[in-house]
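A closer look at the structure
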Amino acid sequence: MSHAGSKKRKLDKPAEDKLYFESYADVSIHEEMIADTVRTDTYRKAIFNNKSEMEGKVVLDVGAGTGVLSVFCAQAGARKVYAVEASSIAEQAENIIKQNKVEDRVEVIKGALEAVDLPEQVDVIVSEWMGYALLHESMLNSVISARDRWLKPGGLMLPDKAELFIAPINDLVVEERLSFWSTVKSQYGVDMSCMTDFARRCITASPEITIKPVTVEDVLSHPVKFAELGLNTVNLEHLSSVKGRFRCHCFGSAAFNAFCVFFAVTFPGSRHPLVLSTSPFKPETHWKQAVLYLDQAVEVMQDTLVEGEVHMYPSEEGSRHICIHVDYTVGEEKKKSKTFAISDGSSYAETQ
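All values reported here derive from a predicted model rather than from experimental measurement.

Overview of the pattern of salt bridges
Tallying each qualifying case throughout the model produces 15 salt bridges. The partner of Lys 152 in a salt bridge is Asp 123, and the shortest N-O contact between them spans 3.0 Å. Here Lys 152, found in strand E5 (residues 151-158), pairs with Asp 123, found in strand E4 (residues 122-126); they are 29 residues apart in sequence, far enough to count as distant. A relative accessible area of 17% places Asp 123 in the buried class. When the shortest N-O distance is used, the salt bridge between Asp 148 and Arg 147 registers 2.9 Å. One network of salt bridges, in which partners are shared, links Glu 163, Lys 225 and Glu 228.

See below:
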């Protein structure tokens, strides 16, 4: 997670894209993704669950990375797979494809999706495009562009649906860090409790979206779905402003100090749809959850109503960085608002 700093000059699109693609040139990010067994196994199952739709067909893998999904598609019987990858990891993808003896069917095309040309229309588009809080990185834009340019009418999208959820949480680690300053006197004889407000400003008043795992015990209500994107129909205009309302009731007494946002994507199947979820109630993935800290914790009780609206949109400082604005009301309290950002040193907040 990058450090929140002063507002910076907006990057032009070519420079921003260059930085983005360069971030995928190192082995670490690919190791993290491949090692995420929930992610990789779900994609493998989804591809083989659609084996009948793959056999003898043409597939486009958008943002192919190391080419693992392209190899899965070839193993499932695809006649041709175009693996499009803009970063230099494409060279390693070619080696992996040769090592798995599918080079006769998988062709790596190095370049940004929007700039490449394919020799034919495709029957299937597969892509692991999801970023933190689903929309960070804006890779879905490239998938939509690929769909509109290359997918045959009635073609298959893997995945074909994405959903966004929100829930109030009590981050116990933050509570412990804030209460620490009241314990210093008993240990060292120096009263440092006045540091608590300063610590709160440093830890929870930050506008940064924090990416971290949220435990089931942290969650204060049933999560609420606030947005759904159908990958067969969503367009770029939709992605410029994704919003929705939420309404939930708390389970019991706790200090409500943050929201968590997470997502799920669904893959169609001949029998049953397959869901890849980043919920705190499911096994952990490398996406973890997006945590949005409130400036001040609010004490809630059984059935306390928490409601409001979430608005997600690209940052002004960089279109690949996501902002999340939340308007919320807790019980009978006055409505509050806060804007959060996930970016490289250009985060900002607007609170009221």
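That shown, we press on.
A word on the confidence of the model for the chain
Here the chain averages 89 in pLDDT, while 90% of its residues score no lower than 70. Note that residues 1-9 has pLDDT below 50 and, in this model, 25 contacts with residues that lie over four places away or in other chains. The low-confidence segment residues 345-352 (pLDDT under 50) makes 31 contacts with residues lying over four places distant or belonging to another chain.

As for the packing of aromatic side chains
As enumerated under the stated definition, the model contains seven aromatic pairs in all. Geometrically, the ring pair formed by Phe 246 and Phe 259 is edge-to-face, given 5.5 Å between the ring centres and 75° between the ring planes. Taken as a pair, Phe 246 in strand E9 (residues 242-249) and Phe 259 in strand E10 (residues 254-267) lie far apart in primary sequence, 13 residues in all. We note that Phe 246, like Phe 259, is buried. Taking the centre distance of 5.1 Å and the plane angle of 80° together, the rings of Phe 256 and Phe 259 count as edge-to-face.

Here's the deal with the pairing of strand E12 (residues 289-300)
Direction of pairing for strand E7 (residues 210-212) relative to E12: antiparallel, over a ladder of three bridges. Across the sheet, Thr 210 pairs through a bridge with Val 291, a residue of E12. Taken together, the seven bridges between E10 and E12 define a ladder with antiparallel strand orientation. Bridge pairing links Phe 259 to Leu 292 in E12.

Structural notes on unusual backbone geometry
Trans is the prevailing form of peptide bonds, just as negative phi is the prevailing case for residues other than glycine. Across the junction of Leu 158 and Pro 159, the peptide omega takes the value -5°, indicating a cis bond. Along the chain, the position of Pro 159 falls in the loop between E5 and strand E6 (161-169). Phi is positive for Glu 137, close to 95°, though the residue is something other than glycine. Structurally, Glu 137 is set in the loop between E4 and helix H7 (139-150).

Quick word on the nonpolar core
The biggest cluster of nonpolar side chains holds 91 residues, and the ones touching the most others in it are Leu 60, Trp 129, Leu 134, Phe 259 and Met 312. Looking at which element gives the most residues to this core, the answer is E10, with seven residues. Lining this core are residues from two domains, each supplying at least three of them: domain 1 (13-128) and domain 2 (163-341). Leave out the neighbours within four places in its chain, and Phe 259 touches Ile 166, Ala 167, Pro 168, Ile 169, Phe 246, Ala 290, Val 291, Leu 292, Leu 294, Val 306, Val 326 and Tyr 328. Grouped together as the second largest cluster of nonpolar side chains are 17 residues, Leu 178, Val 184, Ile 203 and Val 214 included.

Structural notes on the packing of helix H8 (residues 172-180) against helix H10 (residues 195-203)
Axis angle and axis distance: for two packed helices, these are the angle between their axes and the distance between the axes, and together they describe the pair. For the pair H8 and H10, the least separation of the axes is 8 Å and the interaxial angle reads 150°. Regarding H8 and H10, the two cross each other, and that crossing is right-handed. Each of Val 174, Arg 177 and Leu 178 in H8 lies in contact with H10, whose residues at this interface are Thr 196, Ala 199, Arg 200 and Ile 203. Across the contact of H8 with H10, the residue classes break down as four nonpolar, one polar and two charged.

Some details on the sheet that holds strand E1 (residues 58-62)
A sheet is described by the order of its strands in space; here five strands give the open sequence E3-E2-E1-E4-E5, paired in parallel fashion. Of all strands in the sheet, those with a lone pairing partner are strand E3 (106-110) and E5, marking the two edges. Within this sheet the neighbouring strands show an average axis-to-axis angle of 25°, counted without direction. Judged from the five bridges that link them, E1 and strand E2 (residues 80-85) form a sheet pairing that is parallel. Residue pairing across strands places Leu 60 opposite Tyr 82, the latter belonging to E2. Across the face of the sheet, helix H6 (residues 90-99) comes into contact with E2 and E3 while running at roughly 170° to E3.

Things to note about the sheet that holds strand E15 (residues 336-341)
On the basis of which strands lie adjacent, the open sheet formed by four strands has the order E9-E13-E14-E15 and antiparallel pairing. Edge positions in the open sheet fall to E9 and E15, since each of these has one partner strand only. Averaged over all neighbouring strand pairs, the angle between strand axes comes to 20°, with direction disregarded.

Criteria and cut-off values
Residues numbered from 1 in each chain as written. Predicted model: local features only at pLDDT ≥ 70, side-chain atom pairs only at ≥ 80, totals over all residues. Heavy atoms only, no water. Salt bridge = Lys/Arg side-chain N within 4 Å of Asp/Glu carboxyl O. Helix = DSSP H or I, 4+ residues; strand = E, 2+ residues; numbered from the N terminus. Buried < 20%, exposed > 50% of the residue type's maximum accessible area, 1.4 Å probe, protein only. pLDDT = per-residue confidence, 0-100. Contact = heavy atoms within 4.5 Å. Phe/Tyr/Trp six-rings, centres within 6.5 Å; stacked < 30°, edge-to-face > 60°. Pairing = 2+ DSSP bridges. Core = buried A, V, L, I, M, F, W, Y, C linked by side-chain atoms within 4.5 Å. Domains from an automatic or database assignment. Axes fitted to C-alpha atoms, helices over the stretch in contact; angles between N-to-C directions. Left-handed = near helix turned anticlockwise from the far one by under 90°. Nonpolar A, V, L, I, M, F, W, Y, C, P; charged D, E, K, R; others polar.

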